[in-house]
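Residues per chain are reported as follows:
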Amino acid sequence: MNISDIGKSMTSGKIEKKAAPKKKKEAEETKDSVQLGTSVATPETPTMAENKKVETGPKEKKSETRGKSKEGVNLKFIHMNDFHGYVEELDKPEELGIIGGITRVAGQIKDLQNQNPDGTITLDGGDIYDGGFYSKVTNGEIVSKPIGAMGFDASVIGNHDVTWGLDDYAAIAKDMKTDILGAANITDLSPGGDLKFMKPYKIVERQGVKIGILGLASPMTALSTPQKGLIEVGDPRQAAEGFVKKLRNEENVDMVVILSHLGHDEDVKIAEKVKGIDLIVGAHSHTAMHDAEKVGDSIIVQAGGEGKYVGDLNLVFDPSSKKVVSYKENLIPITADIKPDPTVTKIIAPYIEKYESVKNEVLGKTSENLELISNKRTNLCNLFVDAQKKDSDLAVTSSFSIRKGIEKGDVTTGKLFQMYPFDNELVQVKAKGSTVLKFLEGGLRFVEGDKDNYALVSGLSYEFNPTLLEGNRITSVTFKGKKMTPQEFAKKSITMSMDNYTYGKSYFKEGKMLQKYGRVFDVLKDSIK
């Protein structure tokens, strides 16, 4: 494969039953602003239907569930989220000895499933493909086929799952061999009905407990498709209120689980506002929650991202009161101690062999580590934005587009792809300087302490006063060697390079596109060469 090719029905859920209770013991346990769509799913009229990464430390521990309890039925919720195509193990272990990799993730999941085969529900929180080199060059097959072999009960659509197009996602989702949720607050407007396979919810039965699993999609999903306007995303909180009532009152479920791709903060808000939710299995914010969090009557869990953890929530459910009486979350780091699953190892081997030489192509060298530090303008940020300037007056982009640093030594295609795994196209836009000021001012909202502006620009410098009112914090601009007031700069007509995702933001809606340079990834590759 040439390197230039890289990066390029509405029904209620079915009931799935497993064996009745057996007398056996269970083993031990963005900061980008987003506009909500106008479509809101309700039970009567259902529709088809860069956050900051946060790690929460261990919280106060809850009651631990071991074996069969007199209090009720033992249930096990295995969960992962935001895998982002990270099929390979890390080059070197991270904290806790984490190395990740899909073969060890599969090994851990299958081991957990065997601990309580009649009481286990296995869930995926979305954003499963986009981000990994091998996932991109295999059109997601190196991820979807192993997922299909792991036995997931449900997955929810993630905003990055649609970045290759709705038709591609439909093909990938088919290989997963599980039910895809998200239709509770997504309306499919595509001419071919590409998302017709999605469901608002699914009902499963485990050891006599009827469990409703409701999927909620991120509003950012509507912004992530290559062709805008193909999907509409409704308010997830309103969708939750309507469908929780339907699950409770019409489907008569014993337990309600939300499979959410909204992020931890939004999960907390839904738990506070919507009654009748027993469990929220989260995603999107990549939050590694080392213990479950209780908000109101709802339990919230999330398992980090990129295949670094698998979540294992064990709880005891009392069928008579229809309440969770105890629970214990075990966030399992994926280390070298976990045995790889032989089935998944066999599935991915041919793909690795075919594309390994492309991944290891050397583009250049760096004599220092090019670090990615959250909200800090490092040399990597400078390389990234400067390479996109081309023949424009300026280049503008976001540091959130950078996903990994690059270590000292050879810069390979694979390392560059990990740094920037997106298909965005670089375009030249003509607009007033006022648009640049609005973009930079938007990033200054989050500047405090030693944090820098996440809105990156190449071709000018500026001074700002963080104590001034929002929108007036930039006090001077130096452009083409001349220092001027923001008012003077705002009137100038400027050409600027930016990726098409940034061009879609409200800051630049008045801008006129002049030309296209090709994919940002290819521009970066050529710059490094």
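Residues numbered from 1 in each chain as written. Predicted model: local features only at pLDDT ≥ 70, side-chain atom pairs only at ≥ 80, totals over all residues. Heavy atoms only, no water.

Focus: the overall build of the protein chain
As a reminder, the rule being used: Strands are runs of DSSP state E lasting at least two residues, helices are runs of H or I lasting at least four, and both sets are numbered from the N terminus onward. The buried label applies to any residue whose accessible area, calculated with a 1.4 Å probe on protein chains only, is under 20% of its type's maximum; exposed applies above 50%, and partly exposed to all values in between. Values of accessible area rely on a 1.4 Å probe in the Shrake-Rupley scheme; residue burial ignores everything except the protein chains shown.
Within the protein chain one finds 14 helices and 27 strands. When each of the 529 residues of the protein chain is scored for burial, the buried share is 58%. Surface exposure of the protein chain reaches about 22000 Å², of which carbon and sulfur atoms provide 47%.

Points about the packing of helix H3 (residues 141-150) against helix H8 (residues 342-359)
Here is the rule we go by: Interaxial angle, 0 to 180 degrees, is taken between N-to-C directions of lines fitted to C-alpha atoms, where a helix line uses only the stretch in contact. The cut-offs work like this: below 35 degrees is roughly parallel, past 145 is roughly antiparallel, 65 to 115 is roughly perpendicular, and the gaps in between are oblique. Should the near helix be turned anticlockwise from the far one by less than a right angle, the crossing is left-handed, and should it be turned clockwise, the crossing is right-handed. Residue contacts are defined here by distance: any two heavy atoms, one from each residue, within 4.5 Å place the two residues in contact. All residues other than Ala, Val, Leu, Ile, Met, Phe, Trp, Tyr, Cys, Pro, Asp, Glu, Lys and Arg, Gly among them, are scored as polar; the first ten of these are nonpolar and the last four charged.
Here H3 crosses H8 at 165°, and the two axes come no closer than 9 Å. By the angle between their axes, H3 is roughly antiparallel relative to H8. In this structure, the crossing between H3 and H8 has a hand that is right-handed. Taken together, the residues of H8 that come into contact with H3 (itself represented by Glu141, Ile142, Lys145, Pro146 and Ala149) are Thr343, Val344, Ile347, Ile348, Tyr351 and Ile352. Residue classes in the contact of H3 with H8 are distributed as eight nonpolar, one polar and two charged.

Comments concerning the environment of Gly72
Its place among the elements puts Gly72 in the loop between strand E2 (55-56) and strand E3 (73-80). With near-sequence residues (within four places) excluded, Gly72 lies in contact with Val316, Phe317, Asp318 and Pro319.

What to know about the sheet that holds strand E23 (residues 460-464)
In plain terms, the rule: When DSSP locates at least two bridges between a pair of strands, those strands are taken to pair.
Across the sheet, three strands lie side by side as E23-E24-E25; this open sheet has antiparallel pairing. If you trace the sheet from one side to the other, it starts and ends with E23 and strand E25 (482-484), each paired once. Along the sheet, successive strands turn relative to each other by an average axial angle of 20°, direction set aside. Relative to strand E24 (residues 474-479), E23 runs antiparallel, the two being bridged by five bridges. Directly across from Glu463, in E24, lies its bridge partner Ser476.

Structural notes on helix H7 (residues 264-273)
An α-helical turn contains 3.6 residues, so any two residues separated by three or four positions project in the same direction. To be explicit about the condition: Working note: the arc is built from the helix axis to C-beta atom directions.
Restricting attention to buried positions, one finds in H7 the residues His264, Asp267, Val268, Ile270 and Ala271. The arc that holds every buried residue of H7, seen down its axis, measures 165°, which confines them to one face. Those residues of H7 that are exposed and angled more than 90 degrees off the buried face are Asp265 and Lys273.

Things to note about the pairing of strand E17 (residues 323-333)
Bridge count for strand E16 (residues 309-318) against E17 is ten bridges, and the pairing is antiparallel. When the sheet's bridge partners are listed, Asp312 is paired in E17 with Asn330. The hairpin turn running from E16 into E17, its antiparallel successor, is four residues long, and Lys322 in that turn takes a positive phi close to 55°.

Here we look at the packing of aromatic side chains
For clarity, the threshold we go by: Aromatic pairs are defined between Phe, Tyr and Trp rings, using the six-membered ring for Trp, whenever the two ring centres lie within 6.5 Å; interplanar angles under 30 degrees are classed as stacked, those over 60 as edge-to-face, and all others as tilted. Cation placement over rings: the criterion is NZ of Lys or CZ of Arg within 6 Å of the ring centroid and within 35° of the ring normal.
For the structure on display, the rule yields 14 aromatic pairs. For the pair Phe439 and Tyr507, a centre-to-centre distance of 5.5 Å together with 75° between the ring planes defines the contact as edge-to-face. Here Tyr507 lies in the loop between helix H13 (500-503) and strand E27 (512-519) and Phe439 lies in helix H11 (residues 433-444), a separation of 68 residues in the sequence. Here a set of aromatic residues connected by ring pairs shows up, and it is made of Phe133, Tyr134, Phe417 and Phe521. The cationic tip of Lys136 hangs over the ring face of Trp164; the distance from NZ or CZ to the ring centre is 4.6 Å.

Section: the side chain of Glu329
Note the threshold: Residues scored as charged are limited to Lys and Arg (positive) and Asp and Glu (negative), so that His and the chain ends carry no count. Salt bridges are counted wherever a side-chain nitrogen of Lys or Arg sits within 4 Å of a carboxyl oxygen of Asp or Glu. Contacts described as polar in this section are N or O atom pairs within 3.5 Å, which, within protein, must combine one atom able to donate a hydrogen with one able to accept it, while residues neighboring in sequence count only if both atoms come from side chains.
With respect to the helices, strands and loops of the structure, Glu329 is situated in strand E17. Lacking a salt bridge, the buried Glu329 has Lys328 as its closest oppositely charged neighbour, with an N-O distance of 7.8 Å. At 3.0 Å, the side chain of Glu329 and the side chain of His79 are in polar contact. Looking at Glu329, its side chain comes within polar contact range of the main-chain nitrogen of Leu313, at 3.2 Å.

So, the sheet that holds strand E5 (residues 154-156)
Across the sheet, six strands lie side by side as E6-E5-E4-E3-E16-E17; this open sheet has mixed pairing. The open sheet is flanked by strand E6 (179-181) and E17, the only strands paired with a single partner. Along the sheet, successive strands turn relative to each other by an average axial angle of 25°, direction set aside. Where helix H1 (residues 102-115) meets the sheet, it contacts E3, strand E4 (120-124), E16 and E17, and its direction lies at approximately 170° from that of E3.

Overview of the pattern of salt bridges
In a structure, side chains of opposite charge can pair up when their charged atoms sit close to one another. With the rule as written, the count across this model stands at 27 salt bridges. Put simply, Lys365 and Asp410 hold a salt bridge, and the shortest N to O gap is 2.3 Å. With Lys365 in strand E18 (residues 362-366) and Asp410 in strand E20 (residues 409-412), the pair connects residues that are 45 residues apart, well separated along the chain. With a relative accessible area of 67%, Lys365 lands in the exposed category. Here the salt bridges do not stand alone but share partners, grouping Glu94, Glu306, Lys308 and Lys404 into one network.

Regarding unusual backbone geometry
Phi is positive for His84, close to 55°, though the residue is something other than glycine. Mapping His84 onto the fold places it in the loop between E3 and H1. On the basis of relative accessible area, His84 is assigned to the buried category, the value being 5%. In this structure, Asp127 takes a positive phi of about 55° despite not being glycine. Turning to its location among the elements, Asp127 is positioned in the loop between E4 and helix H2 (133-137).

A word on the pairing of strand E9 (residues 209-216)
Counting buried positions along E9 yields eight of eight residues, so the element is predominantly enclosed. Burial along E9 is two-sided: the residues Val209, Ile211, Ile213 and Gly215 and Lys210, Gly212, Leu214 and Leu216 are all buried. The pairing of strand E8 (residues 201-206) with E9 spans six bridges and is antiparallel. By the bridge assignment for E9, Lys202 is matched with Ile213. Between E8 and E9, which pair antiparallel in sequence order, lie two residues; one of them, Gln207, sits at a positive phi of approximately 50°.

Quick look at the side chain of Glu441
Among the secondary structure elements, Glu441 is positioned in helix H11. For the buried residue Glu441, which engages in no salt bridge, the nearest side chain bearing the opposite charge is Arg473, 5.2 Å off. A polar side-chain atom of Glu441 sits 3.0 Å from the main-chain amide nitrogen of Ile474. Not counting chain neighbours up to four residues away, the residues in contact with Glu441 comprise Glu470, Gly471, Asn472, Arg473 and Ile474.

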